[in-house]
Every structure is written in structure tokens, then in C-alpha cells.
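Structural characterization, general
Take a look at the letters that make up each chain.
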Amino acid sequence: MIDINLIRNDLEAVKENIRKKFQDRKLSLVDEVIELDKKKRALQSEGDSLRAQRNALSRQIGELMKQKKTEEANAVKATVTANNARLEVIGKEQEEIETQLKKDMMSIPNIIAPEVPIGKDDSENVERERFLEPKVPAFEVPYHTDILERLSGIDIDSARRTSGQGFYYLTGDIARLHSAVLAYARDFMIGKGFTYCIPPFMIRSEVVSGVMSFEEMDGMMYKIEGEDLYLIGTSEHSMIGRFMNTIVDEKSLPLTLTSYSPCFRKEKGSHGIEERGIYRIHQFEKQEMIVICKPEESRDWFEKLYHYTVELFVSMEIPVRTLECCSGDLADLKYRSIDVEAWSPRQKKYFEVGSCSNLTDAQARRLGIRYKSEKGNVFAHTLNNTVVAPPRMLIAFVENHLREDGSVYIPEVLRPYMGGISEIRPKK
RNA sequence: GCAGAGAUGGCAGAGUGGUCGAAUGCGCACGACUCGAAAUCGUGUUACGUAGGAAUACGUACGGAGGUUCGAAUCCUCUUCUCUGCGCCA
């Protein structure tokens, strides 16, 4: 949600931003907001003066009652009752206008960063940098589940029976590798000065509706039967929810947090879930980073954050590239987004393993996350980025580290978490 | 899960229908005293919205939602959380 003052003061900038995102149908919303805002203020000042009158009259009634002038008091009461009738009408109108205003404001996208390339959809995203040489081995790289099955590392058939499509059993060294990657990523982020955090894996509807739209909620969130609780789709939900409607201490900024959680997603309407394998699934685990900082610091943090992910992948010897999301592919709340993609020697292309976003104050304004400064209370800036999400990243891992004999190489940095072993070999 | 008590400003804590945005204490800011400090004294110190250049004015908010009333921190209903006791449990 952007600052309404921006619309009041620089309507053209807001409209230009909408055009850059190819959302021209939303242009009329901006004019509607101006109108509604005017009406809202008019109603408020009318209501305020009526209330001021009522407060004065009520005090008068108190006085008259004390002096036992009941008749006069009743006369004044009648005036107040008439006022109240009008107040009720105003109240209803105000409520309607405010609901519509809020809805409009939520649909108006955040102002995008100057470096965001203009483009309609993800096909126009722009590659920024590459790290490590993307290699294609001489032998054919099988589909990731075939690699994992040969290593006795996965059992999807059983998972289908117990839980249905989109689930998996990881077993043996592969399961251990999964945990090792998470533990290594956790320690890596702690080493960068982040505070490790394990959040609630379920949150209330109140928090859910704070962090996402109704459509997103319907398409993603699993609800707990008979309770006002939802399984989180990412730890960002509970991590950001933690600061909803709070004023954080300026001295504690920037808050740099790294959280672990399982993530549950319906993936409703996405065909990817039908795919064989563990690319798109209902349940996965993820290490995430969250930064809450002062506005003037968010641009620097953004650069740092996605470079941390890059550094992590490079340390595990997996080639990656960064991809700048173009204007049309950027979600409405985002100022800027960079995806980190890992190399797939099988597909001979890069695929997404993480996404880093700077939401500036749009998310904070929507959720009421502020800090107290000399200038008064200011909305903070929020950023989030994937450190690593192992089931998906395991695809990149086994594809890149597969050797011709079917074994998978374990990079140096992970060995302490794998009992010192340097490879996983097929059984038999 | 059951029963009882509670939720008020940065903190502690009064207030049970009308000059209550809220006593008092602590904290904090500024000033006086002092060579300087402590102590002491004085002044100030909630947030949000609207109008205004500003001083300020008006409105709203006493966990949250709704209700009663001319008027609600105060009465009623629901809800969330906290504490105490019992029960249950990794």
C-alpha cells in the first residue's frame, strides 16, 4: 500500500508507475481515490463537528440533571437524538467509503525502483550476473527423482498413498543432506550477523489477511479444521506478522532475522504440481531472511541480501545467476525483486531457487510496522529473501554434483554436517 | 480443558456512568541551583485523524469487536491474551 499523500501530491507519478507495470485498467482507481478521499474528509469534518456538539450538549444535560431541571434536560436530549440520527447516516457512508478506499489503495501497486526494467511478464526479466561456470557433463543427466531413487533417497509412491500428490519421503543420506543444507544455511546466516528464529508454523486469519490478499490466501493456505488457524506458506508470514501493529525501537534497527520453517502450499491452479518430482510440492522446508530497517538503508540491504544467497550457493559449488524481475512480473507490493536461479545441467538452463524482494514501506504501511524517530513515527522498510529451500535446491544439488558412476559429490562446506562423508553412492 | 482474577499512558498503578486523555509514583526532555555532578525545585512529556504556515482547535482511542445510554475506562454480550488453582501432556 502506497502513501495516500503521494496520490494527493503527485498523481502523475503514481499513474506513470501503473503504466510501467502494464496495469492500465487500474488508472481509474487513482482518480477514484482522489474523489473518495475528498468525500471521506468532508464526512469526517461534518461528523466531528456533530460529535463536538453532542459532547457539549451531553455535558449540559449532566449539569441540568444535577440541578433537577428535568424538562430542560429532556429538551436537550431530543436535539442530541436528532444529531445522532444524522451521525449514524454519516457513519455508514464513511464506512462504505473507507472500505472502498482501502480496497483501491491495496490494488494500487507500489512505486517500482528506477533500475527495474520495463517489461510485460517473466519472459522480459533481465539477467544481471553469473557466478561459477555452468557446466554440462559428457554423460546424460537423468531427471532428479531418478537420480534420487538410485541413491535410495526418495519414495514418492508411498507418499502418494499416505498423503497424495505433491508429497515425498526423503530417506537416508539424502534426507540427511536435506537437513545438512538447512543447518549449513542457518549457520551461514548466523555468521552474517543474522538472528536465528523458529516461528509459529500456524497463524490466525487476522495475520493471514494482513500479509496477503484473499485470492492468494484461497490459492495457498491450508486451514485447520475447527480452529482459526492456517498453516504458513512461508516463515515470512509469521515473521512479519510478529511486528504487525507495533512500534519497534529505533535502536534495534536494522532487525536482521533468519528463520526456519516448513512451508505448506495448496498450489491451487498451478499445473506444476502435477509434475513428477519435487519441484513444486505441498510441503517443503525453507530457511528465510527478513530485514526490517530504516528507509534510507533498504537499498543497501537489498544488494547484500541476494548476494548472501549467491555466496551460499557458490560455496556449495552450484552455478547460479541473478535475474532482475521486470515491471510487469513484479508483485504489487514490491519495489524491486531479484531471483536467484541455479543451473540445471539436465535442462541446460537456470531455474528459480530463491527470490529477494524490497517492499519499501508498502508492506509496513499495510501492517502498521513503524519505528519511533525524531521526526515521529515512521513506517519501516521490509525486505525478504530465500536463503535456501532444500527440496527444490536438492534438484540443483544432485544435478550439478552427479558423477558418471551415479554417485553424488558432497562439497567441502557440507561435510561437517554429513558426518564427514564426501559423496553419496548408489546402494547395491 | 475447567474454575477464579485481570488487561488503563514508556513502566508501575488509581479510577465503577457526566469538566477523565485519565490521579499518583517512576522514567524521559528542558530549565533553575552548581566550577561540574548528585540531590532538590520548576516546566513539559500518549497516539492517530481532520483543518491550519504555525501556535492551536476539533474528533477518535483505556486489549479487540459489538450493544445499552443524551453521555461509557466505568454497565451488558462475544472474543483474544495474561495470572492463579485443578486437570492433561511431548
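Since this is a predicted model, take the numbers as computed values, not measurements. Going along each chain's sequence as written, the residues are numbered from 1 onward. Starting at A for chains and at 1 for ligands, labels are handed out in the order in which the entities are written. Confidence filtering applies because this is a predicted model: local features only for residues at pLDDT of at least 70, side-chain atom pairs given and counted only at 80 or more, and all residues used for totals across whole chains, interfaces and linings. Calculated side-chain values reflect all of the structure's heavy atoms, with hydrogen atoms and water omitted.

1. Some points on the packing of aromatic side chains
The geometry of an aromatic ring pair is captured by two quantities: the separation of the ring centres and the angle between the planes. Each aromatic pair joins two rings of Phe, Tyr and Trp (for Trp, the six-membered one) with centres within 6.5 Å, and gets the label stacked for planes under 30 degrees apart, edge-to-face for over 60, and tilted for any other angle. For the structure shown, the criterion picks out eight aromatic pairs. The interplanar angle of 80 degrees and the centroid separation of 6.2 Å between the aromatic rings of F194 and W301 together place this pair among those described as edge-to-face. Of this pair, F194 sits in the loop between α7 (172-191) and β4 (195-197) while W301 is found in helix α11 (residues 298-315), placing the two residues 107 residues apart along the sequence. Each member of the pair F194 and W301 is classed as buried. Each helix corresponds to a stretch of at least 4 residues labelled H or I by DSSP, and each strand to a stretch of at least 2 residues labelled E; elements are numbered beginning at the N terminus. Only protein chains enter the accessibility calculation, which uses a 1.4 Å probe. A residue is then buried if its area is under 20% of the maximum for its type, exposed if over 50%, and partly exposed in between.

2. Observations regarding the protein's contact with RNA strand B
It suffices for a single heavy atom of a residue to lie within 4 Å of a molecule or strand for the residue to be listed as near it. In the region of RNA strand B, 17 residues are neighbours, and R41, D48, S58, V80 and R204 sit closest. A share of 74% is what sugar and phosphate atoms reach among the atoms of RNA strand B within 4 Å of the protein. D48 is positioned such that a nitrogen or oxygen atom in its side chain is 2.7 Å from a sugar or linking oxygen of RNA strand B. Any pair of N or O atoms that falls within 3.5 Å is considered a polar contact. Within protein, one atom must be able to donate a hydrogen and the other to accept it, and sequence-neighbouring residues count only if both atoms are side-chain atoms. N55 is positioned with one of its side-chain polar atoms (N or O) 3.2 Å from a phosphate oxygen of RNA strand B.

3. Let's talk about the layout of surface pockets
The rule is simple: put a 1 Å grid over the protein atoms alone, call a set of points where a 1.4 Å probe fits but cannot get out a cavity, call an open set with protein on both sides within 12 Å along at least five of seven lines a pocket, and count a residue as lining if it has an atom within 4 Å of a point. Grid points are joined across faces, edges and corners, and a volume is the space filled by probe spheres set on the points. The computed volume of the second largest pocket comes to approximately 320 Å³. What lines the second largest pocket is a set of 16 residues, among which K135, E317, P319, N400 and H401 lie closest to the centre. No other element matches the three residues that helix α13 (residues 390-401) contributes to the lining of the second largest pocket. Ten residues, namely Ala, Val, Leu, Ile, Met, Phe, Trp, Tyr, Cys and Pro, are considered nonpolar, four, namely Asp, Glu, Lys and Arg, are considered charged, and the remaining ones, Gly among them, are considered polar. Among the residues making up the lining of the second largest pocket, the classes are represented as nine nonpolar, two polar and five charged.

4. Description of the domain arrangement of chain A
Interface size is commonly expressed as the accessible area that is lost once the parts come together. Under the domain assignment used here, chain A contains domain 1 (4-107) and domain 2 (122-424). Here domain 1 and domain 2 have C-alpha centroids that lie 43 Å from each other. Domain 1 puts seven residues into the contact, and the matching count from domain 2 is six residues. Here the buried area means the combined drop in accessible surface, using a 1.4 Å probe, for two parts upon being joined, counting both sides. Of all residues in domain 1, K20, K21 and M106 bury the most surface against domain 2, accounting for 71% of the area lost on that side. For this analysis, a salt bridge means a side-chain nitrogen from Lys or Arg found within 4 Å of a carboxyl oxygen belonging to Asp or Glu. The tally of links from domain 1 across to domain 2 stands at one salt bridge. In this assembly, domain 1 and domain 2 are joined by five residue pairs in polar contact (both at pLDDT 80 or more). Just so you know, the domain bounds were taken from an automatic or database domain assignment. Note on definitions: a residue-residue contact is assigned when non-hydrogen atoms from the two residues lie within 4.5 Å.

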